[in-house]
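Understanding the architecture of this molecule
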Amino acid sequence: MLVRLLYASRAADSSAPAVDAILAQSRVHNTSCGITGILCYGAGTFLQAIEGGRMQVSELYGHIQRDPRHKDVMLLAFEEIQERRFGGWTMGQVQLSKVHQATLLRYFEKPELDPYAVSGRASMALLEELMATAAIVGRP
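Residues numbered from 1 in each chain as written. Predicted model: local features only at pLDDT ≥ 70, side-chain atom pairs only at ≥ 80, totals over all residues. Heavy atoms only, no water.

**Quick notes on the confidence of the model for the protein**
When pLDDT drops low, the exact placement of atoms in the prediction is not to be read closely. Selection criterion: The pLDDT value tells you how sure the predictor is about a given residue, anywhere from 0 up to 100. Only runs of H or I of at least four residues qualify as helices and only runs of E of at least two qualify as strands under DSSP, and these elements are numbered from the N terminus.
Mean pLDDT over the protein: 86, with 91% of residues reaching 70 or higher. Per-element confidence in the protein ranges from a low mean pLDDT of 57 for strand 6 (residues 136-137) to a high of 97 for strand 4 (residues 70-81).

Have a look at this one:
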């Protein structure tokens, strides 16, 4: 049973090395657990979609909720899926500093990432658009 979970959180430490460490750890861990996904980060806020087996995704989300590197963890969406949308990525990353402001304005009140202020559907639509426009960077 495949599922997709979408959540938002704020970085306890928003320095580049701290964010890079989160990405590096997720890539190593996620591969062994069969988890794929995409991480969008900007202005201290994470928006992440994770896909995989129900138990593995649930365990990972529980770990994220307890991880002191994340605060204000909020579940935005959870669904059973027939296939992965982000299957080609162990954890693709979007650098919002390189995303056109008009893209963010399409989904948010201001040209900044604020998944706390919109629906889970709007946040997922942003991630899908970023994937379609090749805004994802990092290792597949």
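**Topic: helix 4 (residues 120-132)**
Along an α-helix, a turn takes 3.6 residues, which lines up residues three or four apart on a common side. Note the cut-off: Here the expected span of a helix is defined as 1.5 Å times the quantity of residues minus one. Relative accessibility under 20% of the residue-type maximum defines a buried residue, over 50% an exposed one, and the middle range a partly exposed one, all with a 1.4 Å probe and only protein chains included.
The end-to-end C-alpha separation of helix 4 is 18 Å, in line with the 18 Å expected for 13 residues at 1.5 Å each. Residues of helix 4 that are buried: Gly120, Ala122, Ser123, Met124, Leu126, Leu127, Glu129 and Leu130.

**Focus: the environment of Arg106**
Inclusion rule: Pairing of N or O atoms within 3.5 Å defines a polar contact, subject to two protein rules: one partner must be a possible hydrogen donor and the other a possible acceptor, and residues neighboring in sequence count only if both atoms are side-chain atoms.
On the secondary structure map, Arg106 appears in helix 3 (residues 101-107). The exposure class of Arg106 is exposed, given its relative accessible area of 51%. Along the backbone, Arg106 and Arg4 are 102 residues apart, and their C-alpha atoms lie at a distance of 23 Å. Of note is the side chain of Arg106, whose polar atom sits 2.6 Å from the side chain of Glu129.

**Observations regarding the pairing of strand 3 (residues 45-53)**
Along any regular strand, the residues point their side chains to alternate faces of the sheet. What counts, and what does not: Pairing between strands requires that DSSP locate at least two bridges from one strand to the other.
Counted residue by residue, strand 3 has nine buried out of nine residues, so it is predominantly covered. Two strands pair when backbone bridges link them, and strand 1 (residues 2-11) and strand 3 are joined in this way by nine bridges, in the antiparallel orientation. By the bridge assignment for strand 3, Leu5 is matched with Ile50. Two elements, strand 2 (residues 36-42) and strand 3, share seven bridges in a ladder whose sense is antiparallel. Considered in strand 3, the bridge of Cys40 is made with Leu47. Following strand 2, the chain reverses through two residues before pairing antiparallel with strand 3; Ala43 in that reversal takes a positive phi of roughly 50°.

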